[in-house]
Amino acid sequence: GSTLFPYTTLFRSQFGQRLRWTGKAQLVELADHLDRHYRSANMRIALTGELLNRMMPRQEAIESPVRESVAGVEVRGRSHTSTELRVRLHPDPNAWRIDLEAQGDVRTRTFTESWPARLRNSGKMRYEVSKQIIIDPRGLQVAPAKASASGNNHLVDVKTHFDPVPLLGPLMQNLAREKHRKAQPQAISHIKSKVIRTAKQRMDNKADPKLHNLEQQFLAGVLAPLEQLALIAEPVDFHTTEQRAVMRLRLAGANQLAAHTLRPLAPSDSLLSVQLHQSALNNAAAGFGLDGRRMNLGELFDTLANKLQRPDAQRPEDLATRAIVEFAKHDAIRVCCEDDRVELILSIRELSHGRDKIRNFQAHAHFRPQARGLQVTLIHDGTLQFSGRRLLTGPRVVLHSVFGKLLPKGQRIPLLTERVQEDPRLAGLMVTQMVIDNGWIGIALGPERPNRVAWRTQ
């Protein structure tokens, strides 16, 4: 199988590894305690079979000619194939176990000519084909498709060259019907085999490339950026119930902590729920490599755009590009998720702007969520705040003029893309939860109902 998660659960914090290597029971127990309580999964995703079925592409009916030999007789005509796709979840305590299923009908109108008779037939075959997909810490595994079919073929009409001849016409028709009856089992078996073979080939030929593309998109769009930030996506738990597929990940480097607070629960009718702990964001921020660095504001903007993979981001025209900032040696950027807001904290050792030099301060920006329908956005709420010893009015004015352009008031950060918001397959859904509390950000999608609003932190 392919590999969606190329890291195993052997990764632990370096400190924890050293404790284990001592071989002392108490230290090994301490290492396990740290892992359980300070390196828990800091990202959880749960999605339902209903959501997966919403995302299944609609299958167009297929019209095709029939031209083949059955039981030694040439068959000609047309076939009409209709198909419906669906997903079925199978309970598994250690993996996502998903069946991709297709059900459909093949209707045929055919004729055969075997002198002296011409026979018209009408057939209907019901087929089912399934393909098992397993996702676990070892990666993506896809089994070959399996299929079955059932149905029948009916004789609609018989005509012979002797129909105008009394007695002989009916006799030849009866002979042709009897010959057709004897050949019917072999013909139906042939048709079933072809329907099964075609259904399996179509499933494999369509599903396998799409699954491969999905894997490549995951590698390029998720794992590659994480690697750039020196993060490891370590699976902690995969499991499937009849209703949901759940995945818990630890996003952390080998020497970083992870979640250590209680995760918020999503509404019971959620079709999709995601919870992200601030430790994942802080571990990612550490990967920006800003600790102790000195650069001008233009370089800082470009560095952040590159790390966030937004090469098209445009610098604000009035950005103070000549201002030079030197970050603190540790925790240059931190995020705190509490009290229904996300707080971004920049720790600065020194800002140089013209003749002004301001040392040892922190810049605080607060973002509050706004949810409506399928729109969920973080909005920079209020003005920037600054903290530091003996930070007087004059230096604060300078700091507002410099950092106010980098983090402007009213800045909006969408958490769901326009593509998601406008997807017709998500019609009738809304953001039913937008919680920021206890170190967690929790978002859920569920059924839209009159007067329903997203759950918020109380």
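Residues numbered from 1 in each chain as written. Predicted model: local features only at pLDDT ≥ 70, side-chain atom pairs only at ≥ 80, totals over all residues. Heavy atoms only, no water.

Considering the overall build of the protein chain
Just so we agree on the cut-off: Every helix listed is a DSSP run of H or I at least four residues long, and every strand listed is a run of E at least two residues long, numbered separately from the N terminus. Burial classes follow relative accessibility: with a 1.4 Å probe on protein chains only, a residue under 20% of its type's maximum area counts as buried, one over 50% as exposed, and anything between as partly exposed. When checking whether two residues touch, look at their non-hydrogen atoms; a contact exists if any pair is within 4.5 Å. Residue-level accessible areas treat just the shown protein chains as cover; the underlying method is Shrake-Rupley with a 1.4 Å probe. By the counting scheme adopted, Arg and Lys are positive, Glu and Asp are negative, and His together with the chain ends is not counted. Throughout, a charge is located at the NZ atom of Lys, the CZ atom of Arg, the CG atom of Asp or the CD atom of Glu.
The number of helices and strands found in the protein chain is 8 helices and 20 strands. The principal-axis extent of the C-alpha atoms belonging to the protein chain is close to 120 × 60 × 40 Å. Looking at the protein chain as a whole, 42% of its 458 residues are labelled buried. Counted over contacts in the protein chain with a minimum sequence separation of 6, partners at least 24 positions apart contribute 64%. Carbon together with sulfur atoms contributes 52% to the accessible area of the protein chain, which is approximately 25700 Å² in total. Side-chain charges of the protein chain comprise 66 positive and 47 negative groups, with the mean position of each set lying 1 Å from the other.

With respect to a nonpolar patch on the surface
In plain terms, the rule: Two joining distances apply to patches: 9 Å for like charges and 5 Å for nonpolar side chains (Val, Leu, Ile, Met, Phe, Trp, Tyr), and every residue must have over 30% relative accessible area and no salt bridge. By definition here, a salt bridge exists when the distance from a side-chain nitrogen of Lys or Arg to a carboxyl oxygen of Asp or Glu is within 4 Å.
A surface patch of nonpolar side chains, about 320 Å² in accessible area, is lined by Val165, Leu168, Leu171 and Leu175. Residue placement: leucine 175 occurs in helix α4 (residues 168-228).

Quick look at the confidence of the model for the protein chain
Worth spelling out the cut-off: A score from 0 to 100, pLDDT tells how confident the predictor is in each residue.
Across the protein chain, the average pLDDT comes to 88, with 93% of residues at 70 or higher. When the criterion is pLDDT under 50, residues 1-13 qualifies, and its contacts beyond four places in sequence or with other chains add up to 51 contacts.

Examining the pairing of strand β1 (residues 43-48)
For clarity, the threshold we go by: Pairing between two strands requires that DSSP report at least two bridges joining them.
β1 sits mainly inside the fold: 5 of its 6 residues count as buried. With 6 bridges connecting them, β1 and strand β9 (residues 244-252) associate as antiparallel partners. Paired with isoleucine 45 across the bridge in β9 is methionine 247.

Remarks on the nonpolar core
Condition: Among buried residues, those of type Ala, Val, Leu, Ile, Met, Phe, Trp, Tyr and Cys that are joined through side-chain atoms within 4.5 Å constitute a nonpolar core.
In this structure, Val325, Phe361 and Phe403 are the most contacted members of the largest nonpolar core, which totals 85 residues. Considering every element that reaches this core, the biggest residue donor is α4, with 8 residues. Beyond its immediate stretch of four places on either side in the chain, valine 325 contacts Arg293, Arg294, Met295, Leu297, Leu300, Ile348, Glu350, Leu351 and Phe403.

Considerations on the sheet that holds strand β10 (residues 272-277)
Test applied: Note on geometry: axes are lines fitted to C-alpha atoms, helical ones only across the stretch in contact, with angles between N-to-C directions running from 0 to 180 degrees.
Taking strand neighbours across the sheet as the criterion, the 6 strands line up as β8-β9-β1-β10-β20-β19 in an open arrangement whose pairing is antiparallel. Among the strands making up the open sheet, the edge pair consists of β8 (232-240) and β19 (429-437). Each neighbouring strand pair of the sheet contributes to a mean axis angle of 10 degrees, computed without reference to strand direction. As paired elements, β1 and β10 share 5 bridges and run antiparallel to each other. When the sheet's bridge partners are listed, alanine 46 is paired in β10 with serine 273. Packing against the sheet, helix α5 (residues 278-286) makes contact with β9, β10 and β20 (440-447), and its axis sits at approximately 60 degrees to β10.

A short note on the pattern of salt bridges
Where charged atoms of side chains with opposite charge meet at close range, the side chains can pair. Taken as a whole and assessed by the stated rule, the structure comprises 23 salt bridges. When the shortest N-O distance is used, the salt bridge between arginine 349 and glutamate 326 registers 3.3 Å. Remark: glutamate 326 occurs in strand β12 (residues 324-327) and arginine 349 occurs in strand β14 (residues 341-353); sequence separation between them is 23 residues. Among the residues examined, arginine 349 registers a relative accessible area of 40% and is labelled partly exposed. Across the pair arginine 359 and glutamate 350 runs a salt bridge, and its minimum N-O distance is 2.9 Å. Residue class for glutamate 350 comes out buried when judged on its relative accessible area of 8%. Each of Arg294, Glu326, Arg349, Glu350 and Arg359 takes part in one network of salt bridges that share partners.

Some words on the packing of aromatic side chains
As a reminder, the rule being used: Pairing of aromatic side chains here covers Phe, Tyr and the six-membered ring of Trp, requires ring centres within 6.5 Å, and sorts the geometry by plane angle: under 30 degrees stacked, over 60 edge-to-face, intermediate tilted. Only Lys NZ and Arg CZ are tested; either one counts as a charge over a ring when it is within 6 Å of the ring centre and within 35 degrees of the ring normal.
Taken as a whole, this structure holds 5 aromatic pairs when the rule is applied. Each ring, one from phenylalanine 386 and one from phenylalanine 403, has its centre 6.3 Å from the other, and the planes form 50 degrees; the classification is tilted. Linking phenylalanine 386 in strand β17 (residues 385-388) with phenylalanine 403 in helix α7 (residues 393-406), this pair joins segments that are 17 residues apart in sequence. Judged on exposure class, the residue phenylalanine 386 and its partner phenylalanine 403 are both buried. It is arginine 118 that lies over the ring of phenylalanine 111; its NZ or CZ is 4.1 Å from the centre.

A closer look at unusual backbone geometry
Across the junction of tryptophan 115 and proline 116, the peptide omega takes the value 10 degrees, indicating a cis bond. Relative to the elements of secondary structure, proline 116 occurs in the loop between β4 (96-114) and β5 (117-136). With a phi close to 50 degrees, arginine 390 is a non-glycine residue in the positive phi region. Accessibility expressed as a relative area gives 74% for arginine 390, which makes it exposed.

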